[in-house]
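One letter stands for each residue in the lines below.
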Amino acid sequence: MARCAHIALLAIIALGLFNGTALAAEPLVPSWIKNAPAAKTVSIEIVADWNQVERYRRDNIRTDIIDFNGYWGGNLTIIVPTDWSVEITFINGSLSFRHSLMVTRVYAQSEMPVKLTAKDAIWGAYTDPPGGIQTNERRQLNFVAQQAGDYFLACARQTHLMDGHWIGFEVRDNLNNAAAIVHNDKFPQDQPPGRP
Ligand SMILES: [Cu+2]
């Protein structure tokens, strides 16, 4: 009996694991990530406030959400192979606000600085000035993903980090190409989808 119960329990655990695997978000390569594996280079285009217009159109009110390619507050993570060159074209698509882009360490919500400054940039990677570029301006941000680990791609404008203007950025060993993972559990279903 004990053995049967044990096997049944194992079967339940296995089913649970299988379901968990099936539900886990799979990495995808959206149109705005272009891999060049031979050159160990990835080109990424990131638009700040990509969805501002769509949100306004739907509800006719300005939301508090400020986004990168339609994602915010860590509901998307970009994963990049270790030692690859990362070439980000950063465009401020906002109708009204300055934004910037900076590679930072990971912050818990409670420890986020009121404002990021240049010295918070990992590998010196940030668009200049940290206070943000004007609407419709663009900047090129090039760096090498030299150390595996978890980071943020954050906006250094005023309180934007605390306000959720950040996405995850992970440098990972043994990865064939860069990709993105959407964390659907952190993405409100009533919001328009992010950039495909
Ligand atoms: Cu911002």
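Calculation notes
- Residues numbered from 1 in each chain as written.
- Predicted model: local features only at pLDDT ≥ 70, side-chain atom pairs only at ≥ 80, totals over all residues.
- Heavy atoms only, no water.
- Phe/Tyr/Trp six-rings, centres within 6.5 Å; stacked < 30°, edge-to-face > 60°.
- Helix = DSSP H or I, 4+ residues; strand = E, 2+ residues; numbered from the N terminus.
- Buried < 20%, exposed > 50% of the residue type's maximum accessible area, 1.4 Å probe, protein only.
- Pairing = 2+ DSSP bridges.

Chemist: I keep staring at the packing of aromatic side chains and nothing clicks. Help me out?
Modeler: Each aromatic ring pair is characterised by the separation of its centres together with the angle its planes make. According to the stated counting rule, one finds 8 aromatic pairs in the structure shown. Both rings, one in Tyr71 and one in Phe187, keep their centres 5.7 Å apart while their planes meet at 65 degrees; by these two values the pair is edge-to-face. Of the two residues, Tyr71 is situated in the loop between α2 (52-59) and β3 (76-81) and Phe187 in the segment after β9 (179-182); the sequence distance between them amounts to 116 residues. Across the pair, exposure class does not vary: Tyr71 and Phe187 are buried alike. Here a set of aromatic residues connected by ring pairs shows up, and it is made of Trp123, Phe143, Tyr151 and Phe169.

Chemist: Would you explain the pairing of β3 in this entry?
Modeler: Within a regular beta strand, the side chains point alternately toward one face of the sheet and then the other, so they alternate between its two faces. The buried fraction of β3 is high, at 6 of 6 residues. Along β3, one buried face is formed by Leu76, Ile78 and Val80 and the opposite face, lined by Thr77, Ile79 and Pro81, is buried too. As judged from the 4 bridges shared by β3 and β9, these two strands associate in the antiparallel manner. In the sheet register, Thr77 faces β9, and the bridge partner there is Ile181. Judged from the 5 bridges that link them, β3 and strand β8 (residues 166-172) form a sheet pairing that is parallel. Note that in β8 the partner of Thr77 across the bridge is Gly168.

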